[in-house]
Amino acid sequence: MRNRPVLVDTDPGIDDAVALLVLWRHRRIETKGILASYGNVPLSMTAANARRLKKLFGWEIPVWEGASAPIFGKAGKTADYIHGEDGLAGLGKILTPAPDTPIPEGEDGIEAAYRRICELGTVDYISLGPLTNLAMLTRRHPDAWEHIGRVVSMGGGIDIGNVTGNAEFNIHCDAEAAAEVFANAPELWMAPLNITTQVALGIDEIRKLTEGGGELHTVFRRLLETNFKNCTEYGEPGSIMHDSVAVLLYIYPELFETMRCGIAVDCSKERYGKTSVTSVRQNVLLPTKANCRGLLDRIGECL
Ligand code: BDR
Ligand code: CA
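Summary of the structure given here. (Residues numbered from 1 in each chain as written. Chains lettered and ligands numbered in written order. Predicted model: local features only at pLDDT ≥ 70, side-chain atom pairs only at ≥ 80, totals over all residues. Heavy atoms only, no water.)

Turning our attention to the overall build of the protein. Per the secondary structure count, the protein includes 12 helices and 11 strands. Relative to its length of 303 residues, the protein is compact, with a C-alpha radius of gyration of 18 Å against a globular reference of 19 Å. In terms of overall dimensions, the protein has a C-alpha envelope of 50 × 45 × 40 Å along the principal axes. Considering the protein as a whole, with its 303 residues, one finds that 59% of them fall into the buried category. (Helix = DSSP H or I, 4+ residues; strand = E, 2+ residues; numbered from the N terminus. Rg over C-alpha atoms; globule rule 2.2 N^0.38 Å. Buried < 20%, exposed > 50% of the residue type's maximum accessible area, 1.4 Å probe, protein only.)

Structure follows, in structure tokens:
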């Protein structure tokens, strides 16, 4: 598989932080920029968290601020009950953010990302949060679709939900944006809840992977222990690695069994954010099974 340069759209978020770690460790994947989104916590916090992780990793890439709210209306509930009030298990007070990436006067982060996409020619776009940024970018610049080879999205689920009985958080944040992206992306690889909820780190494994000190291990021990505690309080089997599954689907597709389909996103009040399989289009690669142990091992190698 030929990988193109990558832009990552994210709302860190503990599992986003692990997914960014996986991307950063895989240097053969050329990650060219991070576009922050509202989601797990408000935009000002997710953007600062992305810059905190950039500094922690010593990663020389731009971080732009994207959307602070869905296309229509206001941002809804955050997921601070899983990620902590600051999105990073309280580490916001301790980790210093890298400085802001300067953008030209009159431009915003979405415009800066579009400009970068055009400069790069073709990119793959990995989305680990709501799909608002991508919907806004392609609304403003429909030609952007010609520059995006593949969208990879952590989002949705089939007959399963984590906000309502049938809606997943990222899609539920902005179902209208998600509906546009799922309808218009030429090629979209989806990491649904059906798979991501099976990829969970246990507490003993977290402690083993993060033993030995050093700033990276200390930070990820705190993040993963907090995530473990919060996820298990909500009945999950461990620290769920939702966003890393999307990144690993991109890097190691051989660890998944998949089917081709279209995905419809329901924007009605009654079933807001529900995703279902349709045969209308065949632009989506939907994993149906995964080698979960293999995925957890790939994550472990990055710590
Ligand atoms: C998704 O929602 C967020 O809380 C996680 O970061 C992940 O992207 C899982 O539903
Ligand atoms: Ca996320």
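Attention shifts here to the nonpolar core. Core analysis: the largest hydrophobic core is formed by 60 residues, its most contacted members being Phe57, Ile126, Phe220 and Leu223. Here this core takes nine residues from helix 1 (residues 14-25), the largest share from any one element. Every residue in contact with Leu223, bar those within four places of it in the chain, is listed here: Ile14, Ala17, Leu88, Ala89 and Leu91. (Core = buried A, V, L, I, M, F, W, Y, C linked by side-chain atoms within 4.5 Å. Contact = heavy atoms within 4.5 Å.)

The calcium ion (ligand 2) binds to the protein through Asp11 (OD), Asp16 (OD), Asp16 (OD), Leu128 (O) and Asp243 (OD), with metal-donor distances spanning 2.3 to 2.6 Å. Counting gaps between the donor residues of the calcium ion (ligand 2) yields the pattern D-x4-D-x111-L-x114-D. In this pair, Asp11 sits in the loop between strand 1 (6-10) and helix 1 while Asp243 sits in helix 11 (residues 242-251), placing the two residues 232 residues apart along the sequence. The same class applies to Asp11 as to Asp243, namely buried. (Donors = N, O, S within 2.8 Å, 3.2 Å for Na, K, Ca; no water.)

Next up on the list: the site of ligand 1. Taken together, the neighbourhood of ligand 1 is formed by Asp15, Asp16, Asn40, His83, Leu128, Met154, Asn162, Glu168, Phe169, Asn170, His242 and Asp243. Between ligand 1 and Asp15 there is a distance of 2.6 Å, counted from an oxygen atom to a side-chain nitrogen or oxygen. Here an oxygen atom of ligand 1 sits 2.9 Å away from a polar atom, N or O, in the side chain of Asn170. Within the complex, the protein chains bury 96% of what would otherwise be the 280 Å² of accessible surface of ligand 1. Of all the elements in the fold, those that place two or more residues in the shell around ligand 1 are helix 1, helix 6 (169-173) and helix 11. Residues belonging to the shell around ligand 1 are distributed by class as follows: three nonpolar, five polar and four charged. (Near = heavy atom within 4 Å. Polar contact = N/O pair within 3.5 Å; in protein donor to acceptor, adjacent residues only side chain to side chain. Areas by Shrake-Rupley, 256 points an atom, 1.4 Å probe, with all protein chains shown as cover. Nonpolar A, V, L, I, M, F, W, Y, C, P; charged D, E, K, R; others polar.)

For helix 1, with 12 residues, the first-to-last C-alpha span of 17 Å sits near the 16 Å given by 1.5 Å per residue. The buried count for helix 1 comes to 11 of 12 residues, which makes it a mostly enclosed element. For helix 1, the complete set of buried residues consists of Ile14, Asp15, Asp16, Ala17, Val18, Ala19, Leu20, Leu21, Val22, Leu23 and Trp24. (Expected span 1.5 Å × (residues − 1).)

Once that is clear, we can look at the pairing of strand 1. Two faces belong to every sheet, and in a regular strand the side chains alternate between them. With respect to burial, strand 1 is a largely interior element, five of its five residues being buried. Side-chain alternation along strand 1 places Val6, Val8 and Thr10 on one buried face and Leu7 and Asp9 on a second face that is also buried. As defined by bridge partners, strand 1 adjoins strand 2 (residues 31-36) across five bridges and the pair is classed as parallel. Across the sheet, residue Leu7 finds its bridge partner in strand 2, namely Gly33. Each parallel crossover has a hand, and for strand 1 linked through helix 1 to strand 2 it is right-handed. Bridge count between strand 1 and strand 4 (residues 123-127): four bridges; the pairing is parallel. Bridging from a neighbouring strand, Leu7 pairs with Tyr125 of strand 4. (Pairing = 2+ DSSP bridges. Right-handed = clockwise from strand over helix to strand, strands pointing away.)

What follows covers the pattern of salt bridges. The final tally for this structure, using the stated rule, is 17 salt bridges. Between Lys274 and Asp159 there is a salt bridge whose closest N-O contact spans 3.9 Å. Note that Lys274 is positioned in the loop between strand 9 (256-265) and strand 10 (275-278) and Asp159 in the loop between strand 5 (148-154) and helix 6, a separation of 115 residues in sequence. In this structure Lys274 comes out as buried when scored by relative accessible area, which is 18%. Of the charged contacts, one joins Glu301 and Arg298 as a salt bridge, the two residues approaching to 2.8 Å between their closest N and O atoms. With Glu301 and Arg298 both in helix 12 (residues 292-301) and three residues apart, the pair spans about one turn of that helix. For Glu301, a relative accessible area of 52% corresponds to the exposed category. If you follow the salt bridges from partner to partner, you end up with Glu107, Arg115, Arg116 and Glu119 in one network. (Salt bridge = Lys/Arg side-chain N within 4 Å of Asp/Glu carboxyl O.)

None of the figures reported here should be taken as evidence of function without further support.
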